Protein chains: 2
Amino acid sequence: MIYEVANIQVKVGTGPLFEQRFSQALPLFKRARGCNSARLERSVEHPDRYLVVIGWQTLDDHVVAFRTSNDYALWRELVGDFFAAPPIVDHTEVVVSGF
Amino acid sequence: MIYEVANIQVKVGTGPLFEQRFSQALPLFKRARGCNSARLERSVEHPDRYLVVIGWQTLDDHVVAFRTSNDYALWRELVGDFFAAPPIVDHTEVVVSGF
């Protein structure tokens, strides 16, 4: 189980619409192979910055299967216009699950 | 409920010891006012990079109460030597809790 963590800076003032579109996009993730969870976090200090946090069973489920799918194109169509810069994407795995 | 998300780059090769120290530090968070959760994530692409993700009831529980506590000094004593650069800390709140 890994997390895709995408840092997204949206164009100033477009946050509320971006959040709406993210909600609309949830079914794309829900039906994606190996996708376990999806949530959107907004920065407290910089409200135009977001973290998209998606749980995947394997790295390939995200970077191979999802990114080459039609649903990926739909996802970008829904949210891509709001990006002020290309998202910075990392993947993480939980190494200490404290409490 | 907010998350403290700290991006930490550790000195090359010190990851395993840093992870051990993080585990040792868990009681400090467990007893901190307003602390709900604590976990450590490691980057898949860059294994010297970590995300420390701590759940707090309020921003003040972290930046006022915890950061001025003796336990904060203990936390830094346990892990500070491993940092290759000052941690980059952000706070987020979940705005879309998909699934």
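Each chain carries its own residue numbering, running from 1 in the written order of its sequence. Written order determines the labels here, with chains lettered from A and ligands numbered from 1. Local features are withheld for residues below a pLDDT of 70 in this predicted model, meaning they are given only at 70 or higher, and side-chain atom pairs are given and counted only at 80 or more; totals for whole chains, interfaces and linings count all residues.

1. A look at the overall build of chain A
Helices and strands together make up the secondary structure of chain A, namely three helices and four strands. Numbering of helices and strands runs from the N terminus; a helix is a DSSP stretch of H or I covering at least four residues, while a strand is a stretch of E covering at least two. Starting at the N terminus, the α and β elements of chain A follow one another as β-α-β-β-α-α-β. Against the globule reference of 13 Å for 99 residues, chain A gives a C-alpha radius of gyration of 13 Å, in line with a compact fold. Counting only C-alpha atoms and orienting by the principal axes, one finds that chain A spans roughly 35 × 35 × 20 Å. A total of 99 residues make up chain A; the buried ones form 29% of that total. Placing C-beta atoms from the backbone, we regard two residues as in contact once those atoms come within 7 Å. A separation threshold of at least 6 residues defines the contact pool for chain A, and within that pool the share at least 24 residues apart is 73%. Throughout, radius of gyration means the C-alpha value; the globule benchmark is 2.2 Å times the number of residues raised to the power 0.38. Whether a residue is buried, exposed or partly exposed follows from its count of other C-beta atoms within 10 Å of its own C-beta, namely 20 or more, 12 or fewer, or something in between, respectively; the C-beta atoms are built from the backbone.

2. Points about the interface of chain A and chain B
One frequently used descriptor of interface size is the decrease in accessible area upon assembly of the parts. On the chain B side, the residues contacting the 29 residues of chain A number 29 residues. Mapped by element, the contributors of at least two residues to the side of chain A that touches chain B are β1 (2-9), α1 (15-30), β2 (35-43) and β4 (88-97) of chain A. Take the side of chain A that touches chain B: its biggest share by element is eight residues, from β4 of chain A. The classification used treats Ala, Val, Leu, Ile, Met, Phe, Trp, Tyr, Cys and Pro as nonpolar, Asp, Glu, Lys and Arg as charged, and all other residues, Gly among them, as polar. Broken down by class, the residue content of the side of chain A that touches chain B amounts to 14 nonpolar, seven polar and eight charged.

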